[in-house]
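# Observations on chain architecture
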Amino acid sequence: MSRADSGQRVVVATRSAHKLRELRQLLEPAGAELIGLDEAGVPPGDEPVEYGTTFEANARIKARYYARLSGLPTLADDSGIEVEALGGAPGVHTRRYAGPDATDADNNSRLLTALAGLLPDRRAARYVCVLVLADGRPVARGARGGIPILAETRGTCRGRIATEPRGGGGFGYDPIFEPASEPPGGRTLGLWSAADKNRISHRSRAARRMRPRLAALR
């Protein structure tokens, strides 16, 4: 689908080129034109405080915040990894697990250290993605200017944490995440092709459930 043939413009509440590209691939059948925050004219550094304790709460915060700024329908993703042996951590702190300026490698290293010595059956984990669609168009706002939530979807991908990074594909924790379909010591998502990953990932499952709502935007 070319940009000229695109439908309703929808802001994706991210500056991550990886995440924007992945969501464009996953949501292309919905017919919407997905644009990032930079393309929507949102200045760098203008971002909400994500004070929620769940992925759902933080996705709603981001969706409403950027919908209000842009005046457009806005899709926000909040996602992360939950490790059973750590009581669900890193959870909502996934992106900053090793500190506010942590790189993916820093986060992966900290998680591997936290699980050092644990056998595969103690390394169970799941990726979680929550997508929230809010409508910032003036016609959609209530009498008090509230930003309505149009849809909310969730997807998960179960697996385990590997004992060391393998593969350079994907991003985030992909090099140390073995999907449940792989045996212990098998391929991490960092070794999967993008097409194969998109068939089973947490984000793809949430996106498939979001497509009809995006397609219905007018």
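All of the points below concern the structure found in this document. What you see is a predicted model; the values in this text were computed from it and never measured.

## Topic: the overall build of the chain
Across its full length, the chain carries five helices and six strands. Traced from its N-terminal end to its C-terminal end, the chain shows the element sequence β-α-β-α-β-α-β-β-β-α-α. For 218 residues, the compact-globule estimate of 2.2 N^0.38 gives 17 Å, and the C-alpha radius of gyration of the chain, at 18 Å, lies within 12% of that figure. By principal-axis analysis of the C-alpha atoms, the chain measures approximately 55 × 35 × 25 Å. The burial tally for the chain puts 47% of its 218 residues in the buried class. Long-range pairs, those at least 24 residues apart, make up 64% of the contacts in the chain with a sequence separation of at least 6. For the chain, the accessible area works out to roughly 10400 Å², and carbon and sulfur atoms hold 51% of it. Distance between charge centroids for the chain: 5 Å, based on 33 positive and 25 negative side chains.

## Digging into the packing of aromatic side chains
Per the counting criterion, the structure on display carries two aromatic pairs. Between Tyr-65 and Tyr-66, the aromatic rings sit 5.2 Å apart at their centres with planes inclined by 90°, giving edge-to-face as the arrangement. Owing to a relative accessible area of 5%, Tyr-66 belongs among the buried residues under this scheme. Plain terms: the ring middles of Tyr-127 and Phe-177 are 4.7 Å apart, the flat faces sit at 45° to each other, and that makes the pair tilted. With Tyr-127 in strand 4 (residues 124-135) and Phe-177 in strand 6 (residues 177-179), this pair connects stretches of sequence that are 50 residues apart.

## A closer look at the sheet that holds strand 3 (residues 73-83)
Reading across from one edge, 2-1-3-4-5-6 is the order of the six strands in this open sheet, with mixed pairing throughout. Two strands in the sheet have a free side with no partner beyond their single neighbour: strand 2 (33-35) and strand 6. Neighbour-to-neighbour, the strand axes of this sheet turn through a mean angle of 35°, independent of strand direction. Sheet topology places strand 1 (residues 9-12) next to strand 2; three bridges connect them, and they run parallel. The residue bridging Val-10 from the neighbouring strand is Leu-34, located in strand 2. Of the strands in this sheet, strand 1, strand 3, strand 4 and strand 5 (149-161) touch helix 2 (residues 55-70), which is tilted by about 155° from strand 3.

## A few points about the packing of helix 1 (residues 17-27) against helix 5 (residues 202-215)
Between helix 1 and helix 5, the shortest axis-to-axis distance is 9 Å and the interhelical angle comes to 60°. Put simply, helix 1 runs oblique to helix 5. Crossing of helix 1 against helix 5: the hand is right-handed. Across the interface between the two elements, Lys-19, Glu-22, Leu-23, Leu-26 and Leu-27 of helix 1 pack against Arg-203, Ser-204, Ala-207, Met-210, Arg-211 and Leu-214 of helix 5. When the residues that make up the contact of helix 1 with helix 5 are grouped by side-chain class, the tally is six nonpolar, one polar and four charged.

## Here's the deal with the side chain of Asp-135
Structurally, Asp-135 is set in strand 4. You can call Asp-135 buried: its relative accessible area is 4%. Among the polar contacts made by the side chain of Asp-135, one reaches the side chain of Arg-137 at a distance of 2.7 Å.

## Considering helix 1
Looking at helix 1, one finds that the buried residues are Lys-19, Leu-20, Glu-22, Leu-23, Leu-26 and Leu-27. Looking straight down helix 1, one finds that the buried residues subtend no more than 165° of arc, so they occupy a single side. Contacts made by the buried residues of helix 1 are with strand 1, strand 2, strand 3, strand 4, helix 4 (194-200) and helix 5.

Criteria and cut-off values
- Residues numbered from 1 in each chain as written.
- Predicted model: local features only at pLDDT ≥ 70, side-chain atom pairs only at ≥ 80, totals over all residues.
- Heavy atoms only, no water.
- Helix = DSSP H or I, 4+ residues; strand = E, 2+ residues; numbered from the N terminus.
- Rg over C-alpha atoms; globule rule 2.2 N^0.38 Å.
- Buried < 20%, exposed > 50% of the residue type's maximum accessible area, 1.4 Å probe, protein only.
- Contact = heavy atoms within 4.5 Å.
- Areas by Shrake-Rupley, 256 points an atom, 1.4 Å probe, with all protein chains shown as cover.
- Lys, Arg positive; Asp, Glu negative; His and termini not counted.
- Charge placed at Lys NZ, Arg CZ, Asp CG, Glu CD.
- Phe/Tyr/Trp six-rings, centres within 6.5 Å; stacked < 30°, edge-to-face > 60°.
- Pairing = 2+ DSSP bridges.
- Axes fitted to C-alpha atoms, helices over the stretch in contact; angles between N-to-C directions.
- Parallel < 35°, antiparallel > 145°, perpendicular 65-115°, else oblique.
- Left-handed = near helix turned anticlockwise from the far one by under 90°.
- Nonpolar A, V, L, I, M, F, W, Y, C, P; charged D, E, K, R; others polar.
- Polar contact = N/O pair within 3.5 Å; in protein donor to acceptor, adjacent residues only side chain to side chain.
- Arc of directions from axis to C-beta.

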